[in-house]
Amino acid sequence: MNFRNCQSSVWLCSSTMADEANEVTEFLKAPNDKKDAKRELPTSDTQCGFGIFKGPRIQRWATEHMFMVLFGIAGCFIGMAFSYFNGTITTLEKRYKIPTKTSGIITVGNDISTTLSCAFLGYYAGRGHRPKYVALGLLILAIFCLLMASPHFIYGAGEDAIKLTHEYLNTSVFNATQEDPTLCQSRLPDCVQSASEWAPIILLFVAQFISGIGCSLFYTLGLSYMDDNSTKSKSPAMLSWSAFLRMLGPAFGYSLASVCLRFYIDPQLKPLITNEDSRWLGAWWLGWIILTIIMLISAFFLYLFPKELPSAQVRRLKANGVDTGVHSVTELSLADMMQSVKRLAKNKVYVYNNIASILYFFGYTPYWIFTPKYIETQYQQSASTATMATGTVALAFSAAGVLLSGYVISKYKPSARAMAAWNGIVDISTVIGILCYVFIGCADSDKATSMSPSTPDSCTASCHCEYVHYAPICSPDNVTYISACHAGCNSKLKDELGRLIYTGCKCIGTLDIANATEYQYARQGPCPVDCYKQFLIFLGVMCLLKFIGASGRTANLLLALRCVSSEDKSFALGLGNVIASIVSFIPSPILFGWILDSYCVVWGKTCGSKGNCWLYDTKSLRYTINLLAAAFIFAGSFWNIGVWYHAKDLQIFDTEPEEAKHKKNSQQFELNELSPSEVK
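No experiment lies behind these values; they were computed from the predicted model shown. (Residues numbered from 1 in each chain as written. Predicted model: local features only at pLDDT ≥ 70, side-chain atom pairs only at ≥ 80, totals over all residues. Heavy atoms only, no water.)

(A) Broad picture of the overall build of the protein. Within the protein, the regular secondary structure consists of 28 helices and nine strands. Classification of the 680 residues of the protein by burial places 50% in the buried group. Contacts spanning at least 24 positions in sequence make up 81% of the contacts within the protein whose residues lie at least 6 apart. Of the roughly 32,400 Å² of accessible surface on the protein, 63% is carried by carbon and sulfur atoms. (Helix = DSSP H or I, 4+ residues; strand = E, 2+ residues; numbered from the N terminus. Buried < 20%, exposed > 50% of the residue type's maximum accessible area, 1.4 Å probe, protein only. Contact = heavy atoms within 4.5 Å. Areas by Shrake-Rupley, 256 points an atom, 1.4 Å probe, with all protein chains shown as cover.)

Written as structure tokens, this is what we have:
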């Protein structure tokens, strides 16, 4: 991606240089007062705004600092959108009966389109009006947010959600002419396949796919525009502050998801259950409406910026005729690119560092995407609590790790080997933490999933429960059944508190033959499970891992930047990003999504597919996911040993200017100590 930023910058500079040669000559020869007047009168390339939204008041905001702030805020909103999607994945799976493997495929849609479109858009759009293309990227992302919300407005809240409301209870459940499908059925129920079963899935994937195009326009052209329109001394700081603003996005996104999921999927209806119930469907669509609006507002403000900032044009005109080290566009050929690839392939530090990063990303990607789902299934927490813990709490430790590591590196300037060694320590610490996840289980949750009968028994052989949806009930002996049908219940009534009681349950109380009838009942809803203590322990370990993992980002980036020559730097970063997407970010969610599905105990089966998973074998799932992820990260740590070995001569910081400055100051001090006669 950075290579394409560089390419876009070269195209822009070379295409404008020839057209403005006469203007440059006149500018350099003009008196100072004419130069100042020239600065005050913006050209078409430096004119800020459009239509009625332009003039001196708007023109004064066309500065590099203002672009940095607005670009960073817009990046924060983009981070909000993607983290909001991660926080609502479980709810989407329940609503549209999507297996986790399929949701993993939906998730990588933006990575696929980013990989395919990044080079094309960076090459062609980089020669045009970059702020307008950045605004176009935000407009595409606004369409993405609208498409993500559209399934709700097309298909509604869904029958399963409506059945869990007071409105449905008052009109349908106790209608004598209507048979309750959750009870033991004397005949095989009719199976009606929904014609729109795959339509929401396709719509969600298309939305994710076009979001990658918007991200390519936004980041590829926005970062190059910021770098080209700021001084070289300010560029690193501005990029860092912009990145810091974008880091806030995931925290806000998960917080927004947590708030929205507290509301029922249809706010106009009154639910029978609370958000602690696993069947609760929150208003997942509500946040997308908010994100659509703020994306459009961000696009408007960034569209106002000129093709080139006035201050950048002044610096460029002054530097005309000076060799800036930028090659002409004609030199950027396919042969040059292949030569760069050969040089990078022979660079052991670059190759080993990228392999270590790829293995780390592959192992850690499921925690970035599926952590809310993991918390919900393992520790029986609500979707709102899971997203809040993943976002606000954990990401705060990530931000602290990045800031602290940046301060330590800037102050103490460690060697390349020290940074490589720290990356290895980060990997090993991450492996240890993930292995701790294996043992942070909840016995009550494991017991609940192992005791829930999911296969036909003699007591339910004649009940035809195959297509009965997940509606858990709790028996007096604290065993959760998938539904009243799976417990063999044939009738129901209301108690004095208005709660549903299922009676005549053949599978409950059968051990006590004398008092079988007395114990053959169950209450609506799953049996209570207390996993809050284990959840807090998991949260503490997760925050520690977030902090340690984030502390290695700056060191890893510096190694990637310093191990290649300046001519290959941008291309090396771009090539590494593309390879990481193809090898890690795309296959990893699909693989771990398939693993999640393979340990499903109860499926929301429909006529056309097995639907979404309602209940997992939590113990087996915990062992498999964490051990496999730890194996990938542990394998990556060995490649950091290779980085450490070959980085012995790698110079991270340019110390020569400081030494020269110190020598010059010493000579000046000695000169000041001499008397006037000695100086002569």
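(B) Examining the pattern of salt bridges more closely. Here the structure, examined in full by the defined rule, presents four salt bridges. The partner of E159 in a salt bridge is K163, and the shortest N-O contact between them spans 3.3 Å. Taking relative accessible area as the criterion, E159 reaches 55% and is therefore assigned exposed. Residue K163 is classed as buried on the basis of its relative accessible area of 18%. Residue D277 is joined to R279 by a salt bridge in which the shortest nitrogen-to-oxygen separation is 3.0 Å. Each member of the pair D277 and R279 is classed as buried. (Salt bridge = Lys/Arg side-chain N within 4 Å of Asp/Glu carboxyl O.)

(C) Geometry of the side chain of T365. If you trace the backbone, T365 turns up in helix α17 (residues 348-379). A relative accessible area of 3% means that T365 is categorised as buried. For T365, the side chain forms a polar contact with the main-chain oxygen of F361, separated by 2.4 Å. The residues touching T365, leaving out its near neighbours within four places in the chain, are F585, S588 and P589. (Polar contact = N/O pair within 3.5 Å; in protein donor to acceptor, adjacent residues only side chain to side chain.)

(D) Region of the structure containing the environment of K447. With respect to the secondary-structure elements, K447 resides in helix α20 (residues 443-451). The partly exposed category is assigned to K447, whose relative accessible area is 47%.

(E) Fine view of the pairing of strand β7 (residues 521-524). By the bridge criterion, two bridges tie strand β3 (residues 473-474) to β7 in an arrangement that is antiparallel. The residue of β7 that forms the bridge with C474 is R523. (Pairing = 2+ DSSP bridges.)

(F) Up close: the packing of helix α19 (residues 416-439) against helix α22 (residues 532-551). For the pair α19 and α22, the least separation of the axes is 9 Å and the interaxial angle reads 165°. As the angle between them shows, α19 and α22 are arranged roughly antiparallel. For the element pair α19 and α22, the recorded crossing hand is left-handed. In this structure, α19 contributes W422, V426, S429, T430, G433, I434, C436 and Y437 to the contact, and α22 contributes F538, V541, M542, L545, I548, G549 and S551. Split by residue class, the contact of α19 with α22 holds ten nonpolar, five polar and no charged. (Axes fitted to C-alpha atoms, helices over the stretch in contact; angles between N-to-C directions. Parallel < 35°, antiparallel > 145°, perpendicular 65-115°, else oblique. Left-handed = near helix turned anticlockwise from the far one by under 90°. Nonpolar A, V, L, I, M, F, W, Y, C, P; charged D, E, K, R; others polar.)

So, to be careful, I would describe these as geometric facts and stop short of saying anything about function.
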